[in-house]
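Fold and contact review
Spelled out, the chains give:
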Amino acid sequence: MDKILEALVSSSHPLNIKRAIVKKVVEAAEKEVTEEQCQALYHLTARLILQGEDTFQQQVGQQVQEAYARFHRDEFARFLSKEFVLGLLQQGYGSLDRRDPAILDFLHGCLRLLLSCPAVLELAPLMQTEVLRMVCERPEATLCAKLAALLTDFPQCVPRDKAAVLFCQQLVRTFAHFQCPVGQEAELRRYVTQVSRVATLLQGIWKVEPATLLPSLQEVFAIISSTDPSFEPSIALASLVQHIPLQMITVLIKSLTTDQNVKDASMTQALSRMIDWLSWPLANHVDTWVIALLKGLAAVQKFTILIDVTLLKIELVFNRLWYPIVRQGALAVLSHMLLSFQHSPEAFHLVVPHVVPLVQSLQTDGLPTSKAFLLQFTELIHCMMYQYSGFPDLYDCILEAIKELPKPSEEKIKFVLNQSAWTSQSNSFASGLLRLTGKSETGKTGLVNLGNTCYMNSIIQTLFMATDFRRNVLSLHLNASNTLMKKLQLLFAFLAHTQRAAYAPRSFLEASRPPWFTVGSQQDCSEYLRFLLDRLHEEEKTLRALQTAKPKVVSANAEGIGDHAAHSENDTLSRSHMEPVDAEGDGRTLVERMFGGRLSTSICCLQCHSLSEKEEPFTDLSLAFCPSAPQSTVGPCQGAVNGGSENLEGPVKEAQSVERPAIEPALSLHDLLEYFLAPEILEEENCYFCERCGSLQRAERVMRVVTAPEYLILTLLRFSYDATCHVRRKILDNVGMPLRMCLPVHQHHASASNTAAVSSSSSSSTAQIDSPESGENLAKKLKPSRREEEEERLTDTGREGGIKGGRSGVHLVPYVLSSVVMHSGMSSESGHYYSYGRNMSGTDVCAAATTVANSCSKNSVTEAGLNNSGQSESFTASQDVVECGGQSSSEWFLFNDSRVTFTNFQSVQNVTSRFPKDTAYVLIYRKQDISGQPGSTRGTVNSSKFNGEPPLHKDLMDAITKDNKLFLQEQELNARTRALQAASASCSFRPNGSDDNEPPGSCGPSGGGGGGGFNTVSRLVF
């Protein structure tokens, strides 16, 4: 039979005759056939299948083999002996090499014919050994796919136990050598199918023998982390990711990122290659694993790797967005990379040139998924442009391309950015390590206490929260690196954009500290504020003067009459250029425009009624406590005088518990301001020398605000001098702080009929008119007695041309509270400063201004004869609007050196009642000008633009970027150090919101340090 069949298939007979004869041969399989005939037929069919000259011969061989194996299975089992199989796998067949896929196809077909036959189990050990040997030889994808098909149908042939682990590892290694063909689409599809089949085999083995999974994944990481430049693993490894159980992500990523044996170069290589896997089609969960690894590296603070990989691969990831099949996963990775890379715009700017073409393509490609994808993509772009504003040349074309698409709200953008930074990542992958020290949830930056520098930190934070002042400072074009204003600009830029939780202002401290301040000692924050504003004011005036003198200097040099000094001055000018920021063109400096007001002091002789009037500038008002009111001060010789933390043991506790009743009526800020502006009688040792009378006379002194500042700074004079112990004692009275208030401002016009001698002087300096010493003298002011008031009424007619004659009207200027500096302690030489600050949006400001203006208008007094009672009513009325509006939409922050937390206005108001040694010291109110108010010509609130922060200048951005990179490297180094001590490290965490349970301020032994030092004995008495 075999001779007939062999002669038939090689004959030249017509094909239909051949097929008819073959059919007869197949039908004869049901008859009895000797074993020799069967073996001869089996060998013939094997030769036809493996070496057939054409498809017809191969088909004949398969048909005859299947027919005779079905009816003569035992004979076929003896034909498929171990020796025959071993020969095929090790030596091939005839001219066929042993690596030829046809060999595996033939064996696969033979095993199918022996399905459920014991012969298969007998061949299994041999097959297990041979398939392991085969994968160790790194076969190509085609052969591996054939092998995978065989092993999938016959799992008995898969190696077991330890051999299974080795088999999986070697198969993973084989994956790494698969070469993707560069050709037609059909070839690529065939390649993807082959790789997927092998990956499915591995998945099946992992399920049956779970012990093989972890070694396989370790092998994957070893391959992709290899730094051998001569070997580039195949992207086919990406097909394995979708078969790894997602529940293993946490364990595996933590194991990888905390393994001290994994070098940074290897981790960088591994992450880069995983990002390359985004190009692999149909590979699910690749983006999930990439993002998990990125988060894991951020959790252990390996920022150098993240920076390098992001800059290297960000454009490749972006390019994947062009391909719909991998678009969604690529967008997830791109979003995470961009949103987490917040220390510098460098990564975003690498992809900016590619945004517009992609948007235009998505808008026109007509795919049903493109619209939804475009919305996600543009939301990401909006977040990035918000984060890195100040590049209109780069962003204009993007804004034009996406102008018709919806824009996310500012709140959503801030939320996304705050949750995505590397220093905001959840530390779920490094539970044993110390938590990250990125910015707090507030998004604000603290200031490091450099040794009793809380006085400076609290003032800097209040100035930073003065929105208009901050924006003006950041908008200045300063070329001088050594000016104080430049250092303040840099400090503000860091507070706004650094990734540090707290910034150390060492350079600014050295430049701004008054010469008489002792290094390392506690100082008066109001004195520091006064000195700082005066320095900034004088510096700007000097620079303007130099700018004005510059042409003259040049001319002098040109004529040959200049000298070396002229050249030196010109050089200084060129280095110290400041672009004027005088938006109103009135020649005032920035400090004058923001904080400068004018105060008129009038003294009327009670004998001849002559009037002397003087007008002076001020930057803050020092409000004294009325001596007739009950005051709570520290007992005799109590409190430390050497700085640092106060000594609060024994006698101090008794004084506090005895002198302060449980319920004490609070003074109002309006009471202090009214007392400041109230008429004062000068008599006895304070008599006034009247030039008209030529002698000392009783007189009345009145102070009026004639120009309201944009920001009104109020300093409460809490420290009185104790002659017994020679220290300044603190007045502990609780002063109520209104959220909104009105300040009476007088419109002064000199009367032509006034025959009194009026002397007016004006100072060009913005220094505070009341020095600390003169401020304390204000505490000695006395209200007029009843007798004096009667005298005043009797002589009222004669005085009509005096004080009241010079007053043509009063209007009430509305203000809203911006920030408060608190002092915690018992004396000016000890304790701790911290501050509260408020964020106000344009809506909040307008609402606040309208509310206050409405209240003020009810009490507006423009009559010439304004009396004290009317003035008091205006203050009281403004108190009635304290609780109106603005509370829910405004955010309050507590700045306590390095620590910044959320708070609310109720906490600000109640802090002294809860912690009596914590009292308001410096308050800053922001003016609210509404069109229609007297003297107002503007239709907007303060002419301020509440449309975001000004763009940073390049030098500021470069400095911040450099420091952010340094910070990430510091975090990384610290993380590695802590990892070595993780087993023995113990951390204690304080609950958030301790502002409501503990006093917010205390320097403590550490000298500030972000609000530490709450463990004082004095807490027990509260």
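Residues numbered from 1 in each chain as written. Predicted model: local features only at pLDDT ≥ 70, side-chain atom pairs only at ≥ 80, totals over all residues. Heavy atoms only, no water.

**Here we look at the overall build of the chain**
Broken down by element type, the chain carries 37 helices and 20 strands. Within the chain, buried positions represent 52% of all 1022 residues. Surface accessibility of the chain: about 45400 Å² in total, with carbon and sulfur atoms responsible for 52%. (Helix = DSSP H or I, 4+ residues; strand = E, 2+ residues; numbered from the N terminus. Buried < 20%, exposed > 50% of the residue type's maximum accessible area, 1.4 Å probe, protein only. Areas by Shrake-Rupley, 256 points an atom, 1.4 Å probe, with all protein chains shown as cover.)

**Some thoughts on the nonpolar core**
In terms of nonpolar packing, the biggest core is built from 157 residues, with Tyr68, Phe175, Phe348 and Phe377 touching the most fellow members. Ignoring any residue separated from it by four or fewer positions in sequence, one finds Phe175 in contact with Val195, Val198, Ala199, Leu202, Ser234, Ala236, Leu237, Ser239 and Leu240. Among the nonpolar cores identified, the runner-up in size contains 52 residues, and Ile459, Phe508, Phe517 and Tyr528 belong to it. (Core = buried A, V, L, I, M, F, W, Y, C linked by side-chain atoms within 4.5 Å. Contact = heavy atoms within 4.5 Å.)

**A word on the confidence of the model for the chain**
Looking at the chain, the pLDDT average stands at 76 and 73% of residues meet or exceed 70. Counting interchain partners and residues more than four positions distant, the pLDDT-below-50 stretch residues 983–998 has 20 contacts. Contacts for the low-pLDDT stretch residues 1004–1022, under 50 throughout, to residues beyond four places or in other chains number 46 contacts. (pLDDT = per-residue confidence, 0-100.)

**What to know about the pairing of strand β11 (residues 711–716)**
Within β11, six of the six residues are buried, which leaves it mostly tucked inside the rest of the structure. As paired elements, strand β5 (residues 621–623) and β11 share three bridges and run parallel to each other. If you follow Ser622 over to β11, its bridge partner there is Thr715. As paired strands, β11 and strand β20 (residues 918–927) are joined by five bridges and run antiparallel to one another. (Pairing = 2+ DSSP bridges.)

**Describing helix α16 (residues 286–299)**
The periodicity of an α-helix, 3.6 residues per turn, causes residues three or four positions apart to be oriented the same way. With 14 residues, α16 should reach 20 Å at 1.5 Å per residue; the first-to-last C-alpha distance of 20 Å fits that figure. In terms of residue burial, α16 counts as a mostly covered element, since 11 of its 14 residues are buried. Three or more residues of α16 are buried, namely Val286, Trp289, Val290, Ile291, Ala292, Leu293, Leu294, Gly296, Leu297, Ala298 and Ala299. (Expected span 1.5 Å × (residues − 1).)

**Topic: the pattern of salt bridges**
Enumeration according to the criterion identifies 31 salt bridges in this entry. Close ionic contact of Glu410 with Lys414 constitutes a salt bridge, the shortest N to O distance being 3.4 Å. Of this pair, Glu410 and Lys414 both sit in helix α22 (residues 410–420), four residues apart, which is roughly one turn of the helix. Look at Lys414 and you get partly exposed, because its relative accessible area is 44%. In this structure, Asp468 and Arg926 form a salt bridge, with 2.5 Å as the shortest nitrogen-oxygen distance. You can see Asp468 sitting in helix α24 (residues 467–475) and its partner Arg926 sitting in strand β20, a full 458 residues away along the chain. The same class applies to Asp468 as to Arg926, namely buried. One salt-bridge network, held together by shared partners, links Arg98, Arg99, Glu130, Arg133 and Glu137. (Salt bridge = Lys/Arg side-chain N within 4 Å of Asp/Glu carboxyl O.)

**Overview of helix α8 (residues 118–136)**
Helix length check: α8, at 19 residues, gives a terminal C-alpha distance of 28 Å against a target of 27 Å (1.5 Å per residue), a fit within 8%. The principal kink in α8, of about 40 degrees, is found at Ala124, preceding the proline Pro125 by one to four residues. For α8, the set of buried residues is Ala119, Val120, Leu123, Ala124, Leu126, Met127, Gln128, Glu130, Val131, Leu132, Met134 and Val135. Among the structural elements, α5 (73–79), α6 (82–91), α7 (101–113), α9 (141–153) and α10 (161–176) are those in contact with the buried residues of α8. Just downstream of α8 lies Arg138, where phi reads positive at about 55 degrees. (Bend = angle between axes of the 7 residues up to and from the residue.)

**A few points about empty space enclosed by the protein**
Applying the stated criterion across every chain, the model contains eight cavities of 30 Å³ or more. In this model, the second largest cavity occupies a volume close to 60 Å³. Across the lining of the second largest cavity, the residue classes tally to four nonpolar, no polar and four charged. (1 Å grid on protein atoms, 1.4 Å probe; cavity = no way out; pocket = protein on both sides within 12 Å on 5 of 7 lines; lining within 4 Å. Points joined across faces, edges and corners; volume = space filled by probe spheres on them. Nonpolar A, V, L, I, M, F, W, Y, C, P; charged D, E, K, R; others polar.)

**Describing the pairing of strand β19 (residues 899–903)**
Bridging between strand β18 (residues 891–896) and β19 involves five bridges; their strand directions are antiparallel. The residue of β19 that forms the bridge with Trp892 is Thr903.

**Regarding the packing of aromatic side chains**
Throughout the structure, instances matching the rule amount to 25 aromatic pairs. Measuring from centroid to centroid gives 5.6 Å for Tyr455 and Phe517, while their planes differ by 75 degrees, and the two rings are edge-to-face. Here Tyr455 is found in helix α23 (residues 454–465), whereas its partner Phe517 is found in the loop between α26 (506–512) and α27 (525–558), with 62 residues between them in sequence. Seen in terms of ring centroids, Tyr834 and Tyr836 are 5.9 Å apart; in terms of plane orientation they differ by 70 degrees. Their pairing is edge-to-face. Pairwise contacts between aromatic rings join Tyr42, Phe76, Phe79, Phe84 and Phe106 into one cluster. The ring of Phe373 is capped by Arg327, whose NZ or CZ atom sits 5.2 Å from the centre of that ring. (Phe/Tyr/Trp six-rings, centres within 6.5 Å; stacked < 30°, edge-to-face > 60°. Lys NZ or Arg CZ within 6 Å of the ring centre and 35° of its normal.)

**Re the packing of helix α17 (residues 303–319) against helix α18 (residues 327–340)**
Look at α17 against α18: their axes get within 10 Å of each other, and the N-to-C directions meet at 145 degrees. You can see that α17 and α18 cross each other, and the crossing is left-handed. Each of Val309, Thr310, Ile314, Val317 and Phe318 in α17 lies in contact with α18, whose residues at this interface are Ala330, Val333, Leu334, Met337 and Leu338. Partitioned by chemical class, the residues of the contact of α17 with α18 number nine nonpolar, one polar and no charged. (Axes fitted to C-alpha atoms, helices over the stretch in contact; angles between N-to-C directions. Left-handed = near helix turned anticlockwise from the far one by under 90°.)

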